[in-house]
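A structural walkthrough
Here's the letter readout for the chains.
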4 protein chains.
Amino acid sequence: MRRHVIGVMGPGRGSRALEDAAFTLGRLIAAAGWILLTGGRRTGVMDAASHGAKTVPGSITVGVLPGGPRGDDVSRHVDIAIFTDMGDARNAINVLSSDIIIACGASTPGTLSEIALALKAEKPVIVLGASDEAKAFLASSHGEHVHLVEDPDAAIARIRGLGITPGSPW
Amino acid sequence: MRRHVIGVMGPGRGSRALEDAAFTLGRLIAAAGWILLTGGRRTGVMDAASHGAKTVPGSITVGVLPGGPRGDDVSRHVDIAIFTDMGDARNAINVLSSDIIIACGASTPGTLSEIALALKAEKPVIVLGASDEAKAFLASSHGEHVHLVEDPDAAIARIRGLGITPGSPW
Amino acid sequence: MRRHVIGVMGPGRGSRALEDAAFTLGRLIAAAGWILLTGGRRTGVMDAASHGAKTVPGSITVGVLPGGPRGDDVSRHVDIAIFTDMGDARNAINVLSSDIIIACGASTPGTLSEIALALKAEKPVIVLGASDEAKAFLASSHGEHVHLVEDPDAAIARIRGLGITPGSPW
Amino acid sequence: MRRHVIGVMGPGRGSRALEDAAFTLGRLIAAAGWILLTGGRRTGVMDAASHGAKTVPGSITVGVLPGGPRGDDVSRHVDIAIFTDMGDARNAINVLSSDIIIACGASTPGTLSEIALALKAEKPVIVLGASDEAKAFLASSHGEHVHLVEDPDAAIARIRGLGITPGSPW
């Protein structure tokens, strides 16, 4: 039976605070019974979110990787690796495969592309920890579909507010 | 922790015998503790294999779909849907993401493309139920990397022969 | 011999002013002897830029389309249609295949994704007609690699300033 | 105005005879006023076909490459390079973007995947120089849509027989 998938996107190199938030997000997503989807690499926000999720027994983590099975350094916290060998074009797949996207920051190019692709695909986007300039820009252009939050608990509350609740049928 | 992924590929419309074989393959793959990956649609070999896998408690089925979240008709037996919106180019992802590919038949264009892409990616390919002409062709060109079998039990035996055993670390 | 390729990106529905600018950009790009690459559809900025280019004898226009040969409505001003059938993931190809990207506006999701993917690929991006909020955001995060301009002539001057001159060897 | 595009596919390392045939194919395609599309690399059939085409004044060659602008070794005979960074998934784009596909040989995995993807996309496929086993297999499964030929002149005659004539409107 289809399971709800929450995507957590963010830089391969984030600040300590952003990676801590990603770890907590992963843990809370797994605790709610949702599947965590990330970019799958062994670095930054992807790795931290997957790590957080795998502290929860029975959790499932999916990584959609930019490289192939030989080239990519897969996070040890990813259960299921999807190798696209498509580089950044795989960002489109991450977004389409997630019911809701949580972007950790908005300024690094990869994360910004995922926010933009999510808006194009009409997926709800929750942005955590955006800069003031990013907030002003996103609010001016896409205010209805972008949800700005400051911490993981607020992100999870938004997911529930969008109608995805633990145990809800897909 | 990374889980072994076995890909089962085959036509969206197969013969009854081929779909029965796919159902059994799915069941045996899940029973071995491996994750089943298919093309994810609600039809043919993809649907039958996923259905077979979901008769096993605790199984996980992944579907990598050619369409997007609105367009594609996802098998009810898929737990995790990866929406590529890439059409047949997604066949390359199916192949790269599977440790071993089992092709049910070799003559329909989609399945043939997956056999060819698997050979290009240097992945082992097990072909079940190929026609005589397909067997002769594959043996003449790619004999070392293509394993021809006639039934699901033989396919599973080949997977183990290739070193992927239930419970083996990735 | 490799020809220089200039990508012009922008919304399928733009303002009249933006489409007029795209037409002029296409004309100036073709007049300089560069190949024009767009998203290829028969609408908005893509169509206008291709139309402008084809007013110049001997020009070549390439369209990299999101759909397949049956589904997409190709601009009549495209000489060479590349059908990806990859939806918005084709935005990554547009960016990688262009020496320089000119974005007409920055706020629509598709164009924003192309700006972001271009930055990720370390391609120079010229943004024409951005809103004040977009300018402030892009300047704050990516000031070095984003060139903000207000009209087509300034965009062409920037291309030359970046070392791509008419007749320059690739 | 849309131009007819003929795709020539074949191994990165072919026999001398196959590369000679590819060179002649490229020359004849260009002489007919059609655009040549290949996989774009500086090797094998791709390079030979592009080279042949560029002996014809006014010809246009397009290469759709598996890598990105930094990684790939582009044929010097390619005018327009489309960088996909998608590895072998780009084979699907080559096929969709060609009105007709000519495969030089059928046994190498990459070329076989292009034949299969072309059949899936319902594009006419002309196969030049197939082995006896490949001929028997393709005839048994896909006889209606695969045209087996032995030399470049016969391939060009088939293209015209399929209704694509020099100067014909798209």
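The structure contained in this document is the topic of the report that follows. Bear in mind the structure is a predicted one, so any value in this text is a computation, not a measurement. Counting restarts for each chain, with residues numbered from 1 along the sequence as it is written. Written order determines the labels here, with chains lettered from A and ligands numbered from 1. Given that the model is predicted, a residue must reach a pLDDT of at least 70 before its local features are reported, and side-chain atom pairs must reach 80 or more before they are shown or counted; all residues, however, enter totals for whole chains, interfaces and linings. Excluding hydrogens and water, the side-chain values take into account all heavy atoms of the structure.

1. Side note on the pairing of strand β6 (residues 125–128) of chain A
Residues and elements named next belong to chain A. For the record, the criterion: Exposure classes here rest on a 1.4 Å probe applied to the protein chains alone. A residue is buried below 20% of its type maximum, exposed above 50%, and partly exposed in between. Each helix corresponds to a stretch of at least 4 residues labelled H or I by DSSP, and each strand to a stretch of at least 2 residues labelled E; elements are numbered beginning at the N terminus. When DSSP finds two or more bridges between a pair of strands, those strands are recorded as paired. By definition, the crossover connecting two strands over a helix is right-handed if that path, from the first strand to the second, turns clockwise as seen with the strands pointing away from the viewer.
Burial along β6 is two-sided: the face carrying V125 and V127 and the face carrying I126 and L128 are both buried. As judged from the 4 bridges shared by strand β5 (residues 100–104) and β6, these two strands associate in the parallel manner. In the strand pairing of β6, C104 is matched with L128. What joins β5 to β6 is helix α4 (residues 109–120), and the crossover it makes is right-handed. Direction of pairing for β6 relative to strand β7 (residues 146–149): parallel, over a ladder of 4 bridges. Note that in β7 the partner of V125 across the bridge is V146. Viewed along the sheet, the connection from β6 through helix α5 (residues 132–142) into β7 turns out right-handed.

2. Some thoughts on the interface of chain A and chain B
Condition: Contact between two residues is taken to exist if any of their heavy atoms lie within 4.5 Å; hydrogens are not considered. Once two parts are joined, some of their accessible surface, as seen by a 1.4 Å probe, is lost; buried area is that loss totalled over both. Any Lys or Arg side-chain nitrogen located within 4 Å of an Asp or Glu carboxyl oxygen qualifies as a salt bridge. Contacts described as polar in this section are N or O atom pairs within 3.5 Å, which, within protein, must combine one atom able to donate a hydrogen with one able to accept it, while residues neighboring in sequence count only if both atoms come from side chains.
With 28 residues of chain A in contact, the opposing surface of chain B contributes 28 residues. Counting each side, the surface lost to burial between chain A and chain B is near 2,200 Å², with a carbon and sulfur contribution of 61%. Linking chain A with chain B are 2 salt bridges. Among the ionic pairs, R70 of chain A bridges to E122 of chain B, the shortest N-O distance being 3.7 Å. Taken together, the links from chain A to chain B amount to 6 residue pairs in polar contact (both at pLDDT 80 or more). Secondary-structure elements contributing two or more residues to the side of chain A that touches chain B are β2 (35–38), β3 (61–65), β4 (80–83) and α3 (90–96) of chain A. Counting residues per element, the side of chain A that touches chain B draws most heavily on β4 of chain A, which supplies 4 residues.

3. As for the sheet that holds β2 of chain A
Residues and elements named next belong to chain A. Just so we agree on the cut-off: Angles shown run from 0 to 180 degrees and are taken between the N-to-C directions of axes, each axis being a line fitted to C-alpha atoms and, for helices, limited to the stretch in contact.
Read across the open sheet, the 7 strands follow the order β4-β3-β2-β1-β5-β6-β7; overall the sheet is parallel. Of all strands in the sheet, those bounded by a partner on one side alone are β4 and β7. Direction aside, the axes of adjacent strands within the sheet are offset by 20° on average. Each of β1 (5–9), β2, β5 and β6 touches helix α1 (residues 16–31); the most contacted strand, β5, lies at about 155° to it. Along the sheet face, helix α2 (residues 44–53) touches β1, β2, β3 and β5 and points at about 165° away from the line of β2.

4. Notes on the sheet that holds strand β2 (residues 35–38) of chain C
Residue and element names in this part refer to chain C. Strands sit in the order β4-β3-β2-β1-β5-β6-β7 across an open sheet of 7 strands; the sheet is parallel. Bordering the open sheet on either side are β4 (80–83) and β7 (146–149), each of which pairs with just one other strand. Taking the axes of each pair of neighbouring strands and ignoring which way they run, one obtains an average angle of 20° across the sheet.

5. Structural notes on the packing of helix α1 (residues 16–31) of chain B against helix α2 (residues 44–53) of chain B
Residue and element names in this part refer to chain B. Heads up, the rule is: Crossing handedness: left-handed means the near helix sits turned counterclockwise from the far one by under a right angle, and right-handed means the same turn made clockwise. Ten residue types, Ala, Val, Leu, Ile, Met, Phe, Trp, Tyr, Cys and Pro, are classed as nonpolar, four, Asp, Glu, Lys and Arg, as charged, and the remainder, Gly among them, as polar.
Where α1 contacts α2, the two axes come as close as 6 Å, and the packing angle between them is 35°. In terms of crossing hand, the pair formed by α1 and α2 is right-handed. Counted together, L18, E19, A22, F23, G26, R27 and A30 of α1 and G44, V45, A48, A49, H51, G52 and A53 of α2 form the full contact between these two elements. For the contact of α1 with α2, the class distribution of residues is 8 nonpolar, 4 polar and 2 charged.

6. Digging into the pattern of salt bridges
Counted according to the given criterion, the structure contains 24 salt bridges over all chains. When the shortest N-O distance is used, the salt bridge between D88 of chain C and K120 of chain A registers 2.8 Å. Taken together, the residues D88 of chain C in the loop between β4 and α3 (90–97) and K120 of chain A in helix α4 connect one chain to another.

7. Details of the relation of the copies chain A and chain B
Each of the two chain copies goes to the other by way of a rotation about an axis and a shift along it. Threshold: Overlaid copies result from least-squares superposition on C-alpha atoms, with residues included only where pLDDT is at least 70 in both.
The two copies are related by a screw motion: chain A maps onto chain B through a turn of 180° and a shift of 0.0 Å along the axis, at an RMSD of 0.0 Å. Here the symmetry operator amounts to a two-fold rotation axis. Rotation axis and chain A: the residue whose C-alpha lies nearest the axis is I82 of chain A, separated from it by 4.4 Å. Both copies share a contact surface, since 100% of the interface residues of chain A are interface residues in chain B too.

8. Considering the environment of I82 of chain D
Tracing the chain through its elements places I82 of chain D in strand β4 (residues 80–83). Each C-alpha atom, one on I82 of chain D and one on G39 of chain D, is 9.3 Å from the other, the two residues being 43 residues apart in sequence. With residues up to four places along the chain from it excluded, the contact list for I82 of chain D reads L37, V62, V64, I82, I93 and S97 of chain C together with V62, G63, V64 and L65 of chain D.

9. Quick notes on the pairing of β2 of chain A
Residues and elements named next belong to chain A. Going residue by residue along β2, you find I35 and L37 tucked away on one face and L36 and T38 tucked away on the opposite face as well. Judged from the 3 bridges that link them, β1 and β2 form a sheet pairing that is parallel. Across the sheet, the residue bridging to I6 is L36, located in β2. With α1 bridging β1 and its parallel neighbour β2, the resulting β-α-β unit is right-handed. Looking at chain direction, β2 and β3 are connected through 3 bridges and run parallel. Residue pairing for β3: L36 is matched across the bridge by T61.

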